[in-house]
Amino acid sequence: MRTRSRLTAVVLFDEVDLLDFAGPLQVLTLAGKRYNWRPFKVATVAVESGRVRTRNQLVVLADLSIRECQGTEILLVPGGYGARRALESSELIQWIRRESEKAELVGAVGYGSLLLAKAGVLDGLEVAIPGDIGEAFAELAPSARPLADRSLLDAGRVVTAKSSAGGLDLGLWLVARTLGDKIARQVGDELGHVWSAAVTEVPRIHIR
């Protein structure tokens, strides 16, 4: 098993949805707990480092600016109302495109799929999206296949969760892909969440 932590970049922007990234991060930080090991080195990243106000009225800190964060191995893009405004940042979209190309795994929750779509990451893939962004998503990624009736979709290297509720499954998917199903199940048990059942509901899409 790999012993070096994977650099995991979590994108932040004003009016990001707190649960969209807090759920997956809870999973990732628990993954190595029983072994006193940190498999994921998490960095919160925004266009500029510093304070970010979430949609939920809490203020969080972005550790790094996008200019300071390179070599991302796992990229997580949460959603929230602010994702629509974040689409206007060409600097952020270019960074997401560049880091996604090199990343081992990429995930998005809710409206975060809009940012991946604009960056060209979701072209040709099946994507779990909230039902209210179908038209906007289609304009950004016309070759993708958005599905509003799936909570989580695995497209090989990319996983998308329809809503915050699927964030835990997305985090467990990341753990399963990097550390194995056994550890994912252990983390799920600690959270009172059955990972094995979640896996059976996720189709394995093979992209050619």
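Placed above this text is the structure.
Residues numbered from 1 in each chain as written. Predicted model: local features only at pLDDT ≥ 70, side-chain atom pairs only at ≥ 80, totals over all residues. Heavy atoms only, no water.

Student: Can you explain the packing of helix α1 (residues 18–30) against helix α6 (residues 167–179)? Please cite residues and give values.
Tutor: With their axes 7 Å apart at the nearest point, α1 and α6 run at an angle of 35° to one another. Every pair of crossing elements has a handedness; the one defined by α1 and α6 is right-handed. Every residue of α6 that contacts α1 at Gly23, Pro24, Val27 and Leu28 is listed here: Gly167, Leu168, Gly171, Leu172, Leu174 and Val175. Residue composition of the contact of α1 with α6, grouped by class: seven nonpolar, three polar and no charged. (Axes fitted to C-alpha atoms, helices over the stretch in contact; angles between N-to-C directions. Helix = DSSP H or I, 4+ residues; strand = E, 2+ residues; numbered from the N terminus. Left-handed = near helix turned anticlockwise from the far one by under 90°. Contact = heavy atoms within 4.5 Å. Nonpolar A, V, L, I, M, F, W, Y, C, P; charged D, E, K, R; others polar.)

Student: Go over the pattern of salt bridges, please, and point to the residues and values.
Tutor: According to the stated counting rule, one finds eight salt bridges in the structure shown. Note that Arg55 and Glu15 form a salt bridge whose closest N and O atoms lie 2.6 Å from each other. Remark: Glu15 occurs in the loop between β1 (6–11) and α1 and Arg55 occurs in the loop between β3 (50–53) and β4 (59–62); sequence separation between them is 40 residues. Via salt bridges that share partners, Glu48, Arg67 and Glu91 belong to a single interconnected network. (Salt bridge = Lys/Arg side-chain N within 4 Å of Asp/Glu carboxyl O.)

Student: Tell me about the environment of Val16, and name the residues and values.
Tutor: Along the chain, the position of Val16 falls in the loop between β1 and α1. The class of Val16 is buried, set by a relative accessible area of 0%. As for Val16 and Gln57, which are separated by 41 residues in sequence, their C-alpha atoms are 9.9 Å apart. Once residues lying within four places of it in the same chain are set aside, the contact partners of Val16 are Phe21, Val52, Arg53, Thr54, Arg55, Asn56, Pro78, Gly79 and Gly80. (Buried < 20%, exposed > 50% of the residue type's maximum accessible area, 1.4 Å probe, protein only.)

Student: Explain the nonpolar core to me, and be specific about the residues and the numbers.
Tutor: Of all hydrophobic cores here, the largest spans 69 residues; its most connected members are Leu12, Trp95, Leu115, Leu122, Phe137 and Val175. At seven residues, α6 tops the list of elements feeding residues into this core. Excluding anything up to four places from it in sequence, Val175 contacts Val27, Leu28, Ala31, Phe40, Gly180, Ile183 and Ala184. (Core = buried A, V, L, I, M, F, W, Y, C linked by side-chain atoms within 4.5 Å.)

Student: Requested: an account of the sheet that holds strand β6 (residues 74–77), with residues and values cited.
Tutor: Hydrogen bonds between backbone groups are what pair the strands of a sheet, and the pairing can be parallel or antiparallel. Strands sit in the order β5-β2-β1-β6-β7-β11-β10 across an open sheet of seven strands; the sheet is mixed. Edge positions in the sheet fall to β5 (64–65) and β10 (152–154), since each has one partner strand and no second. Bridge count for strand β2 (residues 40–46) against β5 is two bridges, and the pairing is parallel. When the sheet's bridge partners are listed, Val45 is paired in β5 with Leu64. Against the sheet, α1 makes contact with β1, β2, β6 and β7 (105–109), and its axis sits at roughly 165° relative to β1, the strand it touches most. (Pairing = 2+ DSSP bridges.)

Student: For the pairing of β4, give the residues involved together with the corresponding values.
Tutor: Burial along β4 is one-sided: Val60 and Ala62 are buried, while Val59 and Leu61, pointing the other way, are not. Relative to β4, β3 is paired through four bridges, and the arrangement is antiparallel. Looking at the pairing, Val52 lines up with Val60 of β4. Counting the residues between successive antiparallel strands, the hairpin from β3 to β4 contains five residues, one of them, Gln57, with a positive phi of roughly 75°.

Student: Can you explain helix α7 (residues 181–191)? Please cite residues and give values.
Tutor: All buried positions along α7 are accounted for by Ile183, Ala184, Gln186, Val187 and Gly188. Two residues or fewer past α7, Gly192 is found with a positive phi of approximately 70°.

Student: Describe in detail the environment of Ala83, supporting the description with residues and values.
Tutor: With respect to the helices and strands, Ala83 occurs in helix α2 (residues 82–86). Between the C-alpha atoms of Ala83 and Lys102, which are 19 residues apart in sequence, the distance is 22 Å. Each residue touching Ala83, except ones within four places of it in the same chain, is listed here: Phe13, Tyr111 and Leu115.

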